[in-house]
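Listed below are the residues making up each chain.
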Amino acid sequence: MIQKIAIIGPESTGKSELCQHLARHYDTEWVPEYARFYIDRLDREYEQHDLKSIAEGQLSWENEKTTYANNYLICDTNLIVIKIWSDHKYGETDPWIEEQLKKRRYDFYLLSNIDIPWIPDPQREHPKMREHFFDIYRQYLERNKHPFAIVSGIEGERKKCAVDAIENFFAEKDNTGTDPA
């Protein structure tokens, strides 16, 4: 059975780079962030209705990559990110996204810390709100009892932190037969 690991967190916290590293480390597939692909192809600013299309695309890519995954599927974001973003920007989340959040299963989450420098990017919107969003992600994971670890450090330290968290979580899960959350 494929174990799904979602890497989430505020903007510019190294999620995509970390996903690529983990996919190489575990010789498996990773699911890129569909929002980047989608927004890059728009000839206008994205709007609230676009978030449902982004969510559908993210899940489609995830379903496709699961077919080729080897033990783990590394997901660069998931619908939690879209929900938190939608709630912040529009004050609500599309009901379809909320429903999918209830249906989708992820075995483990890595929450990317804000301890690395902000790197400007045309799609990034809130350089001064990373701590705010980090807290919202952490609270969401805790409130919904999702097993997670915070990934911190720069470059090699961050990668090692992620691998160690995954190894420790799944080793404990294997030993107890339950999530060590």
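For the structure itself, look to the data block above.
Residues numbered from 1 in each chain as written. Predicted model: local features only at pLDDT ≥ 70, side-chain atom pairs only at ≥ 80, totals over all residues. Heavy atoms only, no water.

K.L.:
Sorry if this is basic, but what is going on with the overall build of the protein chain here?
P.N.:
From N to C terminus, the protein chain includes seven helices and five strands. Each helix and strand of the protein chain, ordered N terminal to C terminal, gives the series β-α-β-α-α-β-α-α-β-α-β-α. The C-alpha atoms of the protein chain give 16 Å as radius of gyration, which agrees with the globular expectation for 181 residues (16 Å, within 12%). In terms of overall dimensions, the protein chain has a C-alpha envelope of 50 × 35 × 30 Å along the principal axes. Buried residues in the protein chain amount to 45% of all 181 residues. Relative to all contacts within the protein chain whose residues are 6 or more apart in sequence, the contacts with residues 24 or more apart total 76%. Summing over all exposed atoms, the protein chain offers an accessible surface of approximately 9500 Å²; the carbon and sulfur share of this is 48%. Separation between the mean location of the 24 positive side-chain charges and that of the 33 negative ones in the protein chain comes to 1 Å. (Helix = DSSP H or I, 4+ residues; strand = E, 2+ residues; numbered from the N terminus. Rg over C-alpha atoms; globule rule 2.2 N^0.38 Å. Buried < 20%, exposed > 50% of the residue type's maximum accessible area, 1.4 Å probe, protein only. Contact = heavy atoms within 4.5 Å. Areas by Shrake-Rupley, 256 points an atom, 1.4 Å probe, with all protein chains shown as cover. Lys, Arg positive; Asp, Glu negative; His and termini not counted. Charge placed at Lys NZ, Arg CZ, Asp CG, Glu CD.)

K.L.:
Where do I start with helix α4 (residues 79-90) in this structure?
P.N.:
One full turn of an α-helix is made of 3.6 residues, so residues set three or four places apart face in the same direction. Taking 1.5 Å of rise per residue, the 12 residues of α4 would be expected to cover 16 Å, and the 16 Å separating its terminal C-alpha atoms lies within 8% of that figure. Leu79, Ile80, Val81, Ile82, Lys83, Ile84, Trp85 and Ser86 are the residues of α4 that are buried. Tucked into the core, α4 has its buried residues touching β1 (3-8), α3 (48-66), α5 (95-103), β4 (108-112) and α6 (130-143). A side-chain oxygen of the first residue of α4 lies 3.0 Å from the backbone nitrogen of Ile80; this N-cap is Asn78. Positioned one or two residues after α4, Gly91 has a phi angle of 80 degrees, which is positive. (Expected span 1.5 Å × (residues − 1). Polar contact = N/O pair within 3.5 Å; in protein donor to acceptor, adjacent residues only side chain to side chain.)

K.L.:
How do you make sense of the pairing of β4 when you look at a structure like this?
P.N.:
Consecutive residues of a regular strand have side chains that alternate between opposite faces of the sheet. Judged by how many residues are buried, β4 sits mostly within the fold: five of five residues are covered. Across the two faces of β4 the burial is the same, with Phe108, Leu110 and Ser112 and Tyr109 and Leu111 all buried. As defined by bridge partners, β1 adjoins β4 across four bridges and the pair is classed as parallel. Among the inter-strand pairings, Ile5 is bridged to a residue of β4, identified as Phe108. As paired strands, β4 and strand β5 (residues 148-151) are joined by four bridges and run parallel to one another. By the bridge assignment, Leu111 is partnered in β5 with Ile150. (Pairing = 2+ DSSP bridges.)

K.L.:
Looking at this structure, I do not really get unusual backbone geometry. What am I missing?
P.N.:
It is generally the case that most residues other than glycine have a negative phi and that most peptide bonds are trans. Positive phi is not limited to glycine here, since Asp27 has a value of about 50 degrees. On the secondary structure map, Asp27 appears in the loop between α1 (15-25) and β2 (29-31). Phi angles above zero are rare outside glycine, and Glu155 is one such case at about 45 degrees. Inspection of the secondary structure assignment puts Glu155 in the loop between β5 and α7 (156-176). Here Glu155 falls in the exposed class, since its relative accessible area comes to 64%.

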